[in-house]
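Structural description and commentary
What follows is the residue order along each chain.
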Amino acid sequence: MEEKEITILAIESSCDETAAAVVRNGRFVLSNIIASQIALHKQYGGVVPELASRKHIEKINQVIGEALEAASLSLKDMDAIAVTYGPGLVGALLVGVAEAKAIAYASGKPLIGVHHIEGHISANYIENPDLEPPFLCLVVSGGHTHLVKVNDYGSYEILGRTRDDAAGEAFDKVARAVGLGYPGGPRIEKLAREGDPGAIHFPRAKIADAPYDFSFSGVKSAVLNYINGCKMKGEAIVEADIAASFQYAVTQVLIDHAMMAVEEFGLDQFAIAGGVAANGTLREGMRRACEKKGIRFYHPSPILCTDNAAMIGTAAYYEYLAGTRHGLDLNAIPNLKLGERE
Ligand code: KG4
Ligand code: ZN
């Protein structure tokens, strides 16, 4: 007997992208539409939550319509409606959640709330048909830095997390300090190509009682102090060297933590996810480190690293198979914990 195909309409609006996708059987992306708000927030140097919510409201119907059209399907072809319900900006999340509930109610389809980080991790399944749990995953985005042991679909153990700034947040703040603007990550990466990563030694924080935890506020402050010191001494500031040295310090810490977990847990697969996973230096460094250890390394394409709805559709498929269904009382939970099912 042929197995039934499961087709899911997924919606993501937790931060500054309004996104919708149609995903079949978890790993086949039939459409993936992303309306980025970067141009809107750029002028303020970062995401303005109130503006993000308003823009989501303006765009969401159009984005969903485009996702269905690009997949050449209509709502009646969907088996479930999935939506990110946390973590994220509450007003932004609410737009997606309210929309998904309305569609689920009107169409009589099941509703599945998805954890945003579970989405990022699941992005790795899309282009890697051989990847299955268990594996280790480093999730590095603008809001999160988690080292996660993925025991099974939907079963996560957080080994370490940031104590202060997220890795992407540090990129964004350093970019602002060297006058690059928002979003910082890709701009730092571009400028770093012209700089010397060994020019300036920025600190790599270690947390004594929690070896897998991260701290990036120290390296960010060190960059700011370095810039102020140069200004006071009347020395020239070489932005490209700052970008390269900062990027090197951050990626070294991420790779060191990752490899420590590989040693301890003995898993033979490692994946990266989240916006910072689009960074070429991190990908290359991780690839080499994994190769040295003789383990397989996975990463999504850049477009699936930053926020998108395809990854939410993938995570939702495995939640669907596990029987997860949400009621129309589903609410946005800005600080939703990974592994918590509401
Ligand atoms: O996953 P994402 O789109 O949103 C969150 O869930 O936070 O990640 C956005 C973050 C931003 O901080 C951005 O600067 C960073 O990812 N980012 C990068 C790169 N592309 C995006 N950081 C370093 N290098 C990149 N190429
Ligand atoms: Zn994200």
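Residues numbered from 1 in each chain as written. Chains lettered and ligands numbered in written order. Predicted model: local features only at pLDDT ≥ 70, side-chain atom pairs only at ≥ 80, totals over all residues. Heavy atoms only, no water.

**With respect to helix α9 (residues 280–293)**
Here α9 spans 20 Å end to end across 14 residues, near enough to the 20 Å set by a 1.5 Å rise per residue. Among all positions of α9, only Leu 282, Arg 283, Gly 285, Met 286, Ala 289 and Cys 290 are buried. When α9 is viewed along its axis, its buried side chains cluster within an angular range of 165° and face the same direction. Turned more than 90 degrees from where α9 packs its buried face, Glu 291 and Lys 292 sit exposed. Buried residues along α9 sit in contact with β6 (135–140), α8 (239–265), β9 (269–273), β10 (296–298) and α10 (302–305). Two or three places before Thr 281, at the start of α9, stands the capping residue Asn 279, its side-chain oxygen 3.0 Å from that residue's backbone nitrogen. (Helix = DSSP H or I, 4+ residues; strand = E, 2+ residues; numbered from the N terminus. Expected span 1.5 Å × (residues − 1). Buried < 20%, exposed > 50% of the residue type's maximum accessible area, 1.4 Å probe, protein only. Arc of directions from axis to C-beta. Contact = heavy atoms within 4.5 Å. Polar contact = N/O pair within 3.5 Å; in protein donor to acceptor, adjacent residues only side chain to side chain.)

**Regarding the site of ligand 1**
With respect to spatial proximity, 20 residues lie near ligand 1, and among them Gly 142, Asp 172, Gly 185, Glu 189 and Asn 279 are the closest. Between an oxygen atom of ligand 1 and a main-chain N or O atom of Gly 168, the distance comes to 3.1 Å. Measuring from a nitrogen atom of ligand 1, one finds a side-chain N or O atom of Asn 279 at 3.0 Å. Starting from 550 Å² of accessible surface for ligand 1 in isolation, the protein chains cover 90%. Of all the secondary structure elements, the ones that give two or more residues to the shell around ligand 1 are α4 (116–127), α5 (167–177) and α6 (184–192). It is α6 that contributes the most residues to the shell around ligand 1, 4 residues altogether. Its residues placed into classes, the shell around ligand 1 shows 5 nonpolar, 12 polar and 3 charged. Two domains each put at least three residues into the shell around ligand 1: domain 1 (7–122 + 305–321) and domain 2 (134–299). (Near = heavy atom within 4 Å. Areas by Shrake-Rupley, 256 points an atom, 1.4 Å probe, with all protein chains shown as cover. Nonpolar A, V, L, I, M, F, W, Y, C, P; charged D, E, K, R; others polar. Domains from an automatic or database assignment.)

**Some remarks on unusual backbone geometry**
Gly 86 connects to Pro 87 through a cis peptide bond whose omega is -10°. With respect to the secondary-structure elements, Pro 87 resides in the loop between β4 (80–86) and α3 (90–107). Across the junction of Tyr 182 and Pro 183, the peptide omega takes the value -5°, indicating a cis bond. With respect to the element layout, Pro 183 can be found in the loop between α5 and α6. The backbone phi angle of Asn 25 is positive, close to 50°, even though this residue is not glycine. For Ser 72, which is not a glycine, the phi torsion comes out positive at approximately 55°. Considering the arrangement of structural elements, one finds Ser 72 in the loop between α2 (49–70) and β4.

**Structural notes on the domain arrangement of the protein**
Its domain assignment divides the protein into domain 1 (7–122 + 305–321) and domain 2 (134–299). Listed per partner, the contact involves 17 residues of domain 1 and 20 residues of domain 2. Interface area, domain 1 with domain 2, both sides summed: about 1,500 Å², of which 72% is carbon and sulfur. Put simply, domain 1 and domain 2 have 0 salt bridges between them. Where domain 1 meets domain 2, there are 5 residue pairs in polar contact (both at pLDDT 80 or more). Those elements giving two or more residues to the side of domain 1 that touches domain 2 turn out to be α1 (38–42), α4 and α11 (310–321). (Buried area = accessible area lost by both parts, 1.4 Å probe. Salt bridge = Lys/Arg side-chain N within 4 Å of Asp/Glu carboxyl O.)

**Observations regarding the coordination of the zinc ion (ligand 2)**
Coordination sphere of the zinc ion (ligand 2), protein contribution only: His 116 (NE2), His 120 (NE2) and Asp 307 (OD), at 2.0 to 2.1 Å. Its 4 donor atoms give the zinc ion (ligand 2) angles of 94 to 134° at the centre, a pattern that matches the tetrahedral case. (Donors = N, O, S within 2.8 Å, 3.2 Å for Na, K, Ca; no water. Tetrahedral: all angles 85-135°; square planar, octahedral: opposite > 155°, others 65-115°.)

**So, the side chain of Ser 141**
Inspection of the secondary structure puts Ser 141 in the loop between β6 and β7 (145–152). Contacts of Ser 141, omitting those with residues within four sequence positions, involve Ala 166, Ala 167, Gly 168, Glu 169, Gly 274, Gly 275 and Val 276.

**Some remarks on the sheet that holds strand β1 (residues 7–12)**
Reading across from one edge, β3-β2-β1-β4-β5 is the order of the 5 strands in this open sheet, with mixed pairing throughout. A strand with exactly one partner marks an edge of an open sheet, and here the two such strands are β3 (28–36) and β5 (111–115). Averaged over neighbouring strand pairs, the angle between their axes works out to 20° when direction is ignored. When β1 meets β4, the two strands line up parallel, connected through 4 bridges. Opposite Ile 8, over in β4, you have Ala 80 as the bridge partner. Sheet strands touched by α2: β1, β2 (17–24) and β3. Its angle to β2, the strand with the most contacts, is close to 25°. α11 rests against β1, β2, β3, β4 and β5 of the sheet, and its axis sits at about 130° to β1. (Pairing = 2+ DSSP bridges. Axes fitted to C-alpha atoms, helices over the stretch in contact; angles between N-to-C directions.)

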